[in-house]
Amino acid sequence: MTYHSAFVCAIDEQSCRTPDTLAFVNSDGEQMTYGELKSRSDALACWLSKDKNVTPGVPVVLYGHKSPYMLACMLACAKSGHAYAPIDTVFPATRVAAIVEQIQDKAGATVLINTTPSELEGIPCATVSHDALQGICAQKPASPDVDALCGVNKDDTFYILFTSGSTGEPKGVEILTECVDEFSKWMLDAYTFDDGPRVWFNRTPYSFDVSITDMVCGTVRGDTTFALEKDAETSMSSMFEALSASNATDWVSTPSSVEQCLSDSTFDHAFMPHLKRMLLAGETLRPSTVREVKRRFPGIRVFNGYGPTESTNLVTLCEIDDELLENDLALPIGYPKTGSDLLVLDPNTLEKVPDGESGELFIVGETVGRGYWGKPELTDKAFHSCPAAYTNDRRSYRTGDEVNYGPDGRIYFHGRLDLQIKLHGFRIELGDIESQLCASNLVQMACVLPVWRNGAIHHLVACVVPTDLAQERGIALTRKLKARLRDNIPAYMVPRSFKYLDDLPLNTNGKADRKVLAQQIAEK
Amino acid sequence: MNDLKSQIIDLVVDISGDDDAAEDLDMDLFEEDILDSMAAIELLVAIKDNFGVSIAPTELERDQMNTVNKIIARVSERI
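Residues numbered from 1 in each chain as written. Chains lettered and ligands numbered in written order. Predicted model: local features only at pLDDT ≥ 70, side-chain atom pairs only at ≥ 80, totals over all residues.

### Let's talk about the overall build of chain B
In step 1: In terms of helices and strands, chain B carries 3 helices and 0 strands.
In step 2: Ordered by position from N to C terminus, the α and β elements of chain B give α-α-α.
In step 3: With the principal axes as the frame, chain B shows a C-alpha extent of 30 × 25 × 20 Å.
In step 4: Burial status across chain B gives 34% buried among its 79 residues.
In step 5: For chain B, contacts bridging at least 24 residues in sequence account for 60% of all contacts bridging at least 6. (Helix = DSSP H or I, 4+ residues; strand = E, 2+ residues; numbered from the N terminus. Buried ≥ 20, exposed ≤ 12 C-beta atoms within 10 Å, placed from the backbone. Contact = placed C-beta atoms within 7 Å.)

So, in structure tokens, the structure goes:
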């Protein structure tokens with residue numbers, strides 16, 4: 001039992017040390033011990049290595065929500081030398097099919113495993129039902145078969161996370177074994193405290209990079225991960241019931257998720273008495289949110305982090321102490337991760353900006369992934385544009401984020417340099433939504449804009465020029481367009497409001513002038 | 001009562017950013033993507049600020065406040 005990945009070895013060793021400890025629990029009472037995590041992942045890894053429907057080395061698609069089986073499947077893929085692409089149930093079937101096709105176009109026939117019971121139909125590949133998966137995981141593989149597993153190599157793809165792409169097609173970020181090992185090494189060190197076993201509550205589904213935190217930081221340590229099942233996700237009262245029973249010590253989520261909970265006055269120390277830390281990432285963290293968390297949970301430690309999917313997960317981290325909260329100024333996203341270079345360059349000249357000035361963030365180091373799956377041009381632009389003088393032959397990623405270094409060495413975030421936005425922590429390319437709208441014969445032109453309130457993006461508005469085929473412009477057309485979007489993109493990407501126009505204002509390049517349009521909408 | 005009704009309609013339109021919310025007071029605001037869970041909470045906070053009626057987000061299930069008319073009924077029974 002020796003795997004190439006230090007991370008996989010660490011989890012396996014932990015499973016042998018504490019087989020009876022709970023690795024995963026959810027709000028439905030489903031549980032999985034470390035012993036079960038090992039036996040299930042070993043059995044599935046052996047099956048993946050032997051089954052004739054599974055092509056060696058082709059990424060496996062894992063569909064479902066955050067569940068014990070999802071964790072076991074991810075580990076099984078790594079043990080059997082397959083990359084995995086986790087897809088959450090928030091993705092509609094057409095989006096799942098598009099992702100499967102992308103994988104097959106480049107690598108050949110793949111297999112989709114339902115890690116939770118699902119009624120997903122029309123996916124163009126072999127599928128393993130949840131029942132079949134349970135059967136496979138319950139098998140007892142022969143020891144020589146388990147011993148023969150050595151898993152993904154250092155420079156193999158460990159996982160592919162699909163995010164919103166600006167042309168309307170999802171793009172898959174390829175993260176290597178080396179990236180995960182390096183991230184794990186740093187995070188375990190940076191997030192070390194003098195305490196015993198933890199219970200992690202992480203609201204983020206496995207299809208988002210922030211979920212890697214409890215995997216590499218928790219499972220490796222022998223901690224327990226607590227997740228919400230579907231019912232608890234949609235109803236605040238069941239969510240609160242589950243949370244209060246969870247014994248969670250460590251909270252990981254977007255600031256929006258915490259703000260949602262803070263809106264209920266019962267969300268406090270008495271409600272979650274074991275909570276010691278909150279790690280928030282994925283969007284701008286406001287001082288008022290941290291202050292309210294500290295008021296409700298006396299003694300709690302709050303951390304802010306930042307990092308793009310393309311560089312595994314967090315690349316900055318710092319504690320938000322009382323001193324940072326004193327003046328109500330923008331909060332830093334943290335100190336740079338050790339082992340990586342976080343460079344601030346002029347986006348036009350690609351030269352370093354003077355100390356303290358803002359520019360575009362470039363990340364250089366081992367946590368940067370290989371690129372976008374099957375998209376060499378996009379990969380070139382984002383992963384190969386950092387000048388060689390700064391990279392030292394290491395991988396690099398151009399983030400599109402505007403940042404600066406404060407005098408104390410912490411980094412401050414100022415927004416995007418392109419049309420990517422974060423809405424409640426979800427990463428969205430506005431062009432993705434626009435392409436989906438324009439694919440309808442009812443739409444001639446479309447431009448999607450974020451609407452800001454209180455320093456954060458509140459919702460999205462779609463400005464649409466309908467074609468002659470659209471009989472009317474009111475709610476009936478909005479219903480049709482929203483239904484179309486819901487069939488093709490996750491619900492969090494569907495704009496809340498629709499405005500119908502005769503024309504879009506254009507800039508000198510002939511593109512929609514977003515500034516003028518935003519003013520027009522605000523005046524209406 | 002009419003005043004309360006129009007104020008609540010204004011709140012829903014303002015928070016959702018969607019004028020369509022005022023079109024049909026029995027329309028399912030969640031089904032039509034006019035409100036999502038974040039906006040629903042924002043609405044409860046606004047109701048507390050404007051009418052002094054405190055409804056905890058954990059107190060209500062979605063189907064108890066999924067139309068403008070149901071929201072008006074909830075608020076007026078407590079005002």
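### Focus on helix H4 (residues 93–107) of chain A
What sets the pattern is the α-helix's 3.6 residues per turn: residues three or four places apart point alike.
In step 1: End to end, H4(A) covers 21 Å across 15 residues, agreeing with the expected 21 Å (1.5 Å per residue, within 8%).
In step 2: At the C-terminal side of H4(A), A:Gly108 shows a positive phi close to 105°. (Expected span 1.5 Å × (residues − 1).)

### Overview of the sheet that holds strand E11 (residues 250–253) of chain A
Residues and elements named next belong to chain A.
In step 1: An order of E2-E1-E10-E9-E11-E12-E13-E14-E15 is seen for the 9 strands of this open sheet, with the pairing classed as mixed. Two strands bound the open sheet, and with one partner strand each, they are strand E2 (31–33) and strand E15 (335–336).
In step 2: By the bridge criterion, 3 bridges tie strand E9 (residues 199–202) to E11 in an arrangement that is parallel. By the bridge assignment for E11, Phe-201 is matched with Trp-251. (Pairing = 2+ DSSP bridges.)

### Thoughts on the nonpolar core
Residues and elements named next belong to chain A.
In step 1: In terms of nonpolar packing, the biggest core is built from 125 residues, with Leu-62, Ala-72, Cys-73 and Ala-85 touching the most fellow members.
In step 2: Considering every element that reaches this core, the biggest residue donor is helix H3 (residues 68–79), with 10 residues.
In step 3: Residue contributions to this core reach at least three from each of two domains, namely domain 1 (6–213 + 229–234) and domain 2 (254–418).
In step 4: Leave out the neighbours within four places in its chain, and Ala-85 touches Pro-59, Val-61, Leu-62, Ile-99, Ile-103, Tyr-159, Ile-160, Phe-162 and Gly-172.
In step 5: Among the nonpolar cores identified, the runner-up in size contains 21 residues, and Ile-428, Val-464, Leu-485 and Met-493 belong to it. (Core = buried A, V, L, I, M, F, W, Y, C linked by C-beta atoms within 7 Å. Domains from an automatic or database assignment.)

### Focus: unusual backbone geometry
In step 1: Of note, A:Thr312 is a non-glycine position whose phi angle comes to about 70°, a positive value.
In step 2: Although it is not a glycine, A:Asp393 sits at a positive phi angle of roughly 65°.

### Observations regarding the packing of helix H11 (residues 255–262) of chain A against helix H12 (residues 287–296) of chain A
Residues and elements named next belong to chain A.
In step 1: Contact geometry of H11 with H12 gives a least axis separation of 11 Å together with a crossing angle of 50°. The angle between H11 and H12 places the two elements in the oblique class. In this structure, H11 meets H12 at a crossing whose hand is left-handed. Only Thr-289, Glu-292 and Val-293 of H12 make contact with H11, whose side of the interface consists of Pro-255, Val-258, Glu-259 and Leu-262.
In step 2: Along the lines of polarity and charge, the residues of the contact of H11 with H12 split into 4 nonpolar, 1 polar and 2 charged. (Axes fitted to C-alpha atoms, helices over the stretch in contact; angles between N-to-C directions. Parallel < 35°, antiparallel > 145°, perpendicular 65-115°, else oblique. Left-handed = near helix turned anticlockwise from the far one by under 90°. Nonpolar A, V, L, I, M, F, W, Y, C, P; charged D, E, K, R; others polar.)

### Comments concerning the interface of chain A and chain B
By a widely used convention, the size of an interface equals the accessible area lost when the partners come together.
In step 1: With 22 residues of chain A at the contact, the number on the chain B side is 18 residues.
In step 2: For the side of chain A that touches chain B, the elements supplying multiple residues, two or more each, are helix H10 (236–244), H11, strand E24 (456–466) and helix H17 (475–488) of chain A.
In step 3: If one sorts the elements of the side of chain A that touches chain B by residue count, H17(A) sits on top with 4 residues.
In step 4: When grouped by side-chain class, the residues that make up the side of chain A that touches chain B number 6 nonpolar, 12 polar and 4 charged.

### A word on the packing of helix H1 (residues 2–16) of chain B against helix H2 (residues 37–51) of chain B
All names here are of chain B.
In step 1: With their axes 10 Å apart at the nearest point, H1 and H2 run at an angle of 140° to one another. In terms of their interaxial angle, H1 and H2 are classed as oblique. In terms of crossing hand, the pair formed by H1 and H2 is right-handed. On H2, the residues touching Gln-7, Leu-11, Val-12, Ile-15 and Ser-16 of H1 are Ala-39, Glu-42, Leu-43, Ala-46 and Asn-50.
In step 2: Of the residues contributing to the contact of H1 with H2, the split by class is 6 nonpolar, 3 polar and 1 charged.

### A short note on the environment of A:Leu314
Residues and elements named next belong to chain A.
In step 1: As for its position among the elements, Leu-314 is in the loop between strand E13 (301–306) and strand E14 (316–319).
In step 2: In this structure, the C-alpha to C-alpha distance between Leu-314 and Thr-367, residues 53 residues apart in sequence, is 9.4 Å.
In step 3: Other than its neighbours up to four places away in sequence, Leu-314 contacts Ala-281, Gly-305, Tyr-306 and Gly-307.

### Looking at the domain arrangement of chain A
All names here are of chain A.
In step 1: The assigned domain composition of chain A is domain 1 (6–213 + 229–234), domain 2 (254–418) and domain 3 (429–523).
In step 2: Between the C-alpha centres of domain 1 and domain 3 there is a distance of 36 Å.
In step 3: Listed by partner, the interface residues are 10 residues for domain 1 and 12 residues for domain 3.
In step 4: Grouping the amino acids of the side of domain 1 that touches domain 3 by side-chain chemistry returns 3 nonpolar, 6 polar and 1 charged.

### Considerations on the pairing of strand E4 (residues 84–87) of chain A
All names here are of chain A.
In step 1: Side chains Tyr-84 and Pro-86 project from E4 onto one buried face, and the interleaved Ala-85 and Ile-87 project onto a second face that is buried too.
In step 2: Both strand E3 (residues 60–63) and E4 contribute to a ladder of 4 bridges, which runs parallel. Each residue of the ladder has a partner; that of Val-60, found in E4, is Tyr-84.

### Let's talk about the sheet that holds strand E19 (residues 396–405) of chain A
Residue and element names in this part refer to chain A.
In step 1: Reading across the sheet, the 4 strands line up as E16-E17-E19-E20 and stay open at both edges, with antiparallel pairing between neighbours. Of all strands in the sheet, those with a lone pairing partner are strand E16 (341–345) and strand E20 (411–416), marking the two edges. Going across the sheet, the axis of each strand differs from the next one's by a mean of 45°, ignoring polarity.
In step 2: As paired strands, E16 and strand E17 (residues 359–364) are joined by 5 bridges and run antiparallel to one another. Directly across from Val-344, in E17, lies its bridge partner Leu-361.

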